[in-house]
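Secondary and tertiary structure notes
Listed below, chain by chain, are the residues.
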Amino acid sequence: MNIQINSLTNANIYIDGVGLLGRADEIEIANPKHKMIDYKGLGMAGTAELWAGVETLESTIKWTSFDATTLTMSTSPFQIHSFQARGNLEQYTSQGRTAQLPVVYLMTGIFKDAGSPTFRQHKMVETTSVISIYHCELYVAGVQIYLYDVFANIYVVGGVDQLSTFRSNLGG
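Please read these numbers as outputs of a predicted model, since none were measured by experiment.

Quick look at empty space enclosed by the protein
- For the structure shown, the criterion picks out 1 cavity of 30 Å³ or more.
- Of the volumes computed, that of the largest cavity is approximately 40 Å³.
- Surrounding the largest cavity, W63, S65, D67, T70, L71, S74, A114, T127 and S129 form its lining.
- Elements represented by at least two residues in the lining of the largest cavity include exactly helix 1 (68–73) and strand 10 (127–140).
- Considered class by class, the residues forming the lining of the largest cavity number 3 nonpolar, 5 polar and 1 charged.

Things to note about the nonpolar core
- Membership of the largest hydrophobic core comes to 25 residues, with the highest contact counts inside it found for I15, L57, F83, Y105, M107, I133 and C136.
- Within the residue set of this core, elements represented by two or more residues are strand 2 (11–15), strand 7 (57–63), strand 8 (81–93), strand 9 (96–113), strand 10 and strand 11 (143–149).
- With residues up to four places along the chain from it excluded, the contact list for C136 reads A30, P32, L57, L106, M107, Y146, L147 and Y148.

Points about a nonpolar patch on the surface
- Judged by side-chain polarity, I37, Y39, M44 and L50 come together as a nonpolar surface patch covering roughly 370 Å² of accessible area.
- Examined against the element boundaries, Y39 turns out to sit in strand 5 (residues 34–39).

Section: the pattern of salt bridges
- This model, assessed by the stated rule, comprises 6 salt bridges.
- Between D25 and K62 there is a salt bridge whose closest N-O contact spans 3.7 Å. Residue D25 is located in strand 4 (residues 24–28), and its partner K62 is located in strand 7; the two are separated by 37 residues in the primary sequence.
- Residue class for D25 comes out partly exposed when judged on its relative accessible area of 46%.
- Judged by its relative accessible area of 22%, K62 is partly exposed.
- Between R120 and E126 there is a salt bridge, and its shortest N-O distance comes to 3.1 Å.
- Relative accessible area serves as the criterion here: at 40%, R120 is assigned to the partly exposed category.

Topic: the side chain of N12
- In this structure, N12 sits in strand 2.
- Overall, the relative accessible area of 14% leaves N12 in the buried class.
- Polar contacts involving the side chain of N12 include one to the side chain of Y14, which spans 3.4 Å.
- A distance of 3.1 Å separates a polar atom in the side chain of N12 from the backbone nitrogen of L21.
- The contacts of N12, once residues within four sequence positions are left out, are L20, L21, Q84, A85 and R86.

About the cut-offs
Here, residues in each chain are numbered from 1, in the same order as that chain's written sequence. Per-residue local features are limited, in this predicted model, to residues with pLDDT of at least 70; the limit for side-chain atom pairs, both in listing and counting, is 80 or more; totals at the level of whole chains, interfaces and linings are taken over all residues. Computation of side-chain values: all heavy atoms of the structure, hydrogens and water removed. Detection works on a 1 Å grid of protein atoms alone, calling trapped sets that fit a 1.4 Å probe cavities and calling open sets with protein on both sides within 12 Å along at least five of seven lines pockets, with lining residues defined by an atom within 4 Å of a point. Grid points are joined across faces, edges and corners, and a volume is the space filled by probe spheres set on the points. For helices the rule is a DSSP run of H or I covering at least 4 residues; for strands it is a run of E covering at least 2, with both sets numbered from the N terminus onward. Here the nonpolar group is Ala, Val, Leu, Ile, Met, Phe, Trp, Tyr, Cys and Pro; Asp, Glu, Lys and Arg are the charged ones; every other residue, Gly included, is treated as polar. Here, nonpolar core means buried Ala, Val, Leu, Ile, Met, Phe, Trp, Tyr and Cys residues that are tied together by side-chain atoms lying within 4.5 Å of each other. Only protein chains enter the accessibility calculation, which uses a 1.4 Å probe; a residue whose area is less than 20% of its type maximum is buried, one above 50% is exposed, and one in between is partly exposed. Working rule for contacts: check all heavy atoms of both residues, and any pair within 4.5 Å makes them a contact. Like-charged residues within 9 Å of one another, or nonpolar side chains (Val, Leu, Ile, Met, Phe, Trp, Tyr) within 5 Å, are grouped into patches, provided each residue has over 30% relative accessible area and no salt bridge. Working definition of accessibility: Shrake-Rupley area with a 1.4 Å probe, residue cover restricted to the visible protein chains. By convention in these notes, a salt bridge is any Lys or Arg side-chain nitrogen within 4 Å of a carboxyl oxygen on Asp or Glu. Think of a polar contact as two N or O atoms within 3.5 Å of one another; within protein, one of them needs to be a possible hydrogen donor and the other a possible acceptor, and neighboring residues in sequence only count if both atoms come from side chains.

Printed below as a string of structure tokens:
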């Protein structure tokens, strides 16, 4: 039996098309998290969790340096930004590395918190920004894995629109 191992270990971040190579230490990507509600009724032996929507999406970026350009971008609560995180997915088998595939996360949102600098003796200043995300997509090797847009009421997973009947039933 031949197994395949996927390894994704690094990324570059772009804000509004500007590459930020080396300026961020880490990024936490916003993924749709399902909001669940409990359902219980007389005669039921247990409780069921039912889907009720998608939680508020947030992303965080931990910056490696005190950078005036990113601080300026992250200060306005009214400026929408496009975010992109690009990585190289390496695939390995018993024959070694067999493929390298692009992984692309696309997000649109606003900075919710620019972050407060943390000063320590003999250490680089650290800042972490929090972003409210309104639209997010994930592509692996050019294939869309998911797309979620809170304002358009769209949630597509594996090419299947999860909310098409919901929108139709609401008249939209």
